[in-house]
Structure formats: structure tokens, C-alpha cells
Amino acid sequence: MNDTTKPRAPRAFPLSLERLGPVGKPAAAPAPPGATVLRPQRPLHQAVQDRARAAAPAGLGLDSEPVRQRMVQKLRAAGVRDEQVLAAMARVPRHLFVDTALATQAYEDTSLPIGLQQTISKPSVVARMLELLRGGRGEQPLPRILEIGTGCGYQAAVLALLGRQVISVERLKPLHEKARGLLRSMRVDNLRLVYGDGMLGHGPNAPYDGIVSAAGGDAIPQAWLDQLAVGGRLVAPVVRGSGQVIVLVERSESGFVRSEHEAVHFVPLKSGTT
Ligand code: SAH
């Protein structure tokens, strides 16, 4: 698409994922009489639809919501059981997180390039990781979540609907800054993006009830285990032979229980920042 003939829609439409509260929770209590209500928001689905209309390239259709619903139906048919995860994925406009030229593929079950040799994970893998992270906790949001590997920020936005507070760390500055700009325009207020080496976790906000990595290393860094709360769950791809598997670590009073799940293919976990 030629930007001079068809300008991209501005990404500044107020879109609050947070204001509705975590998925499955009742709306926030009404403000007491006399209180000043700051920044009243239109319902999320209206805001999403308006933005999607403005931003969708020809071919995606005017309204991305039905496309997203179809994606969720396919995920459910493929065995994803956690309705909170499905509801969150039904609400986050995935096509806004990828390059305009790739937006028509945003709701297919495929990973897509996001620049700097990194990829946004395919929806079925995001759903599986988050289902394992939540561990069937019904409508209860996770109090505090750490994500390693913000990338384009898509999974971070989904996590913001599943947790009360989310910290997401990215080691590549251009990706961190791009995600920050987009998520700021969406006013995802319960999400903090950190530029840094996620192999060290993020000490200042530890411990975390959930830790999820979007990059796979040879082993789970000790810092992540140290920063996992008792009762918390950690989900990460780990190298196994010539591939990777999803590893789940559950921490209890008596220690760590580790289980291995399906084979996956994530980008490598690297130390340091760039
Ligand atoms: N959740 C992301 C997936 C991005 S791919 C999304 O929805 O788009 C994984 C990301 O992990 C890449 O952006 C990569 O730069 C990042 N990464 C790899 N090692 C890292 C580290 N040590 N600390 C922080 N981020 C890391």
C-alpha cells in the first residue's frame, strides 16, 4: 500500500482495555455522588469497531469483530477450554499489532513477522500458554503477571484483560517503543512496559502470580523462579533436543513442580539489551 495515496489511520483513538476491568469481572462500582469522573469511555466494543473500521485495509472487511469471533470459535473447536482466555482474545484487535500489509492474515492461526527477526506467536499458541498460566482459575484474574518478550504487545494486551497488574519486559528498544506507543493509545492502564533484559525478570514488582515467556531458552532462568509467588505459575518454552517444549512450573509452599507440555517453536531467549 502506498502511504502517500492512502494514509494509515492515526492510532490515537481512545481505546481502553482496562476500564472494563478484567474479563468476567462485573463493571466497576459507580462513582459516588459528587465525584468527578475522569475520561469517560465509550464501551470497548464500540471503540474497537470504530478503530477497526478506520484502520482495516481493504480485504479485512469493515468490521474486524466477526473475524475475531471466528478465530475464537476455531480455537474453541481446537480444544481451548478457558473461556476467560477466549473472551480476552475476542476483544483485542490483533490486526492493529501487525504491519498493515499483514493485517489480512492477523486472524489466521499463523505466526507473523514483527520486525528485527521476531514474530508474534500464532493465536493457538497464545491461547495455550495463557490457559496453562491461568490454570483453570475461573473468573478470578491473576493479581500480578510478568511477561518476558513484549514484542508487538499483542499478548501483553490480552494479559491486561486477565490480570490486575501486568509488567512486560522487552530487550529490543525499537519493539519496546513501538509497543509502548500503540498500547498507550489504547489506554491499557494496568500494563507497564519495561525496556530491559527479561532473563533477570523484573525485581521491583516481584513476586508474580504468573510469569509467561514468549522466547525460549536452554533453561528457565533462576531469577524467574525466585520471583514466582508461592501459588504462582510460570509458563515458558524451553529447548529440548532439536526443538522446544512448553514447560509449566507451579510453586507451592513445599517447592516447585515442573511439567512438560506440547512442542512449540518460539524465537530464542537472549540476554542483554539492544
Ligand atoms: N508476546 C509477543 C511475542 C514476541 S516474540 C507478541 O505478542 O508479539 C518474543 C520477544 O521476546 C521478542 O520481541 C524478543 O526480542 C524478546 N526477547 C527475547 N529475549 C528476551 C529477554 N532476555 N528479555 C526480554 N525480551 C526478550
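On a predicted model such as this, the values are computed, not experimentally measured, just so you know.

Draft legend 1. Local environment of the pattern of salt bridges. Evaluated as defined, the whole model comprises seven salt bridges. Note that R134 and D82 form a salt bridge whose closest N and O atoms lie 2.7 Å from each other. A residue pair is termed long-range when its members are at least 10 positions apart, and R134 in helix 4 (residues 123–134) and D82 in the loop between helix 2 (65–77) and helix 3 (83–91) qualify at 52 residues. R134 sits in the buried class, given a relative accessible area of 3%. Residues R240 and E260 are paired through a salt bridge, measuring 2.5 Å at the closest nitrogen-oxygen approach. Of this pair, R240 sits in strand 8 (residues 228–240) while E260 sits in strand 10 (residues 255–264), placing them 20 residues apart in sequence. Residue class for R240 comes out partly exposed when judged on its relative accessible area of 37%. A residue is classified by how much of its surface remains accessible, and E260, at 42% relative accessible area, is partly exposed. Look at the salt bridges and you will find they share partners, linking R128, E131 and E262 into a network.

Draft legend 2. Up close: the sheet that holds strand 4 (residues 163–170). The sheet built from seven strands is open, its strands ordered 5-4-3-6-8-9-10 with mixed pairing. One side of each edge strand has no neighbouring strand; the edge strands of this open sheet are strand 5 (191–195) and strand 10. For this sheet, the mean inter-axis angle between neighbouring strands, taken without regard to orientation, is 15°. Sheet topology places strand 8 next to strand 9 (residues 243–252); eight bridges connect them, and they run antiparallel. Residue pairing in the sheet places L234 in a bridge with V249 of strand 9. Along the sheet, helix 4 makes contact with strand 3 (142–148), strand 6 (208–213), strand 8, strand 9 and strand 10, crossing strand 8 at roughly 145°.

Draft legend 3. Examining the side chain of S213 more closely. Mapped onto the elements, S213 comes out in strand 6. By relative accessible area, S213 is classed as buried at 1%. There is a polar contact of 2.7 Å between the side chain of S213 and the backbone oxygen of A215. What S213 contacts, discounting residues up to four positions off in sequence, is M129, I148, W224, V235, A236, P237, F266 and L269.

Draft legend 4. Highlighting the site of the ligand. Around the ligand there are 26 residues in total, and T119, E170, D197, G198 and K270 lie nearest to it. The contact in question runs from an oxygen atom of the ligand to an N or O atom on the side chain of E170, over 2.6 Å. Interatomic distance of 2.6 Å between a backbone N/O atom of K270 and a nitrogen atom of the ligand. Elements with a minimum of two residues in the shell around the ligand: strand 2 (118–120), strand 3, helix 5 (154–160), strand 4 and strand 11 (267–268). Take the shell around the ligand: its biggest share by element is three residues, from strand 2. Grouping the constituent residues of the shell around the ligand by class yields 13 nonpolar, eight polar and five charged.

Draft legend 5. Structural detail: the packing of helix 2 against helix 3. In contact at an axis separation of 8 Å, helix 2 and helix 3 are set at 155° when each is read in the N-to-C sense. Taken together, the axes of helix 2 and helix 3 lie roughly antiparallel to each other. Judged by the sense of rotation from one axis to the other, the crossing of helix 2 with helix 3 is right-handed. Note on element contacts: helix 3 touches helix 2 through E83, L86, M89, A90 and R91, opposite R68, Q69, M71, V72, L75 and R76. Considering only residue class, the contact of helix 2 with helix 3 consists of six nonpolar, one polar and four charged.

Scoring rules and cut-offs
- Residues numbered from 1 in each chain as written.
- Predicted model: local features only at pLDDT ≥ 70, side-chain atom pairs only at ≥ 80, totals over all residues.
- Heavy atoms only, no water.
- Salt bridge = Lys/Arg side-chain N within 4 Å of Asp/Glu carboxyl O.
- Helix = DSSP H or I, 4+ residues; strand = E, 2+ residues; numbered from the N terminus.
- Buried < 20%, exposed > 50% of the residue type's maximum accessible area, 1.4 Å probe, protein only.
- Pairing = 2+ DSSP bridges.
- Axes fitted to C-alpha atoms, helices over the stretch in contact; angles between N-to-C directions.
- Contact = heavy atoms within 4.5 Å.
- Polar contact = N/O pair within 3.5 Å; in protein donor to acceptor, adjacent residues only side chain to side chain.
- Near = heavy atom within 4 Å.
- Nonpolar A, V, L, I, M, F, W, Y, C, P; charged D, E, K, R; others polar.
- Parallel < 35°, antiparallel > 145°, perpendicular 65-115°, else oblique.
- Left-handed = near helix turned anticlockwise from the far one by under 90°.

Remember that the coordinates give geometry; whether it matters functionally is a separate question.
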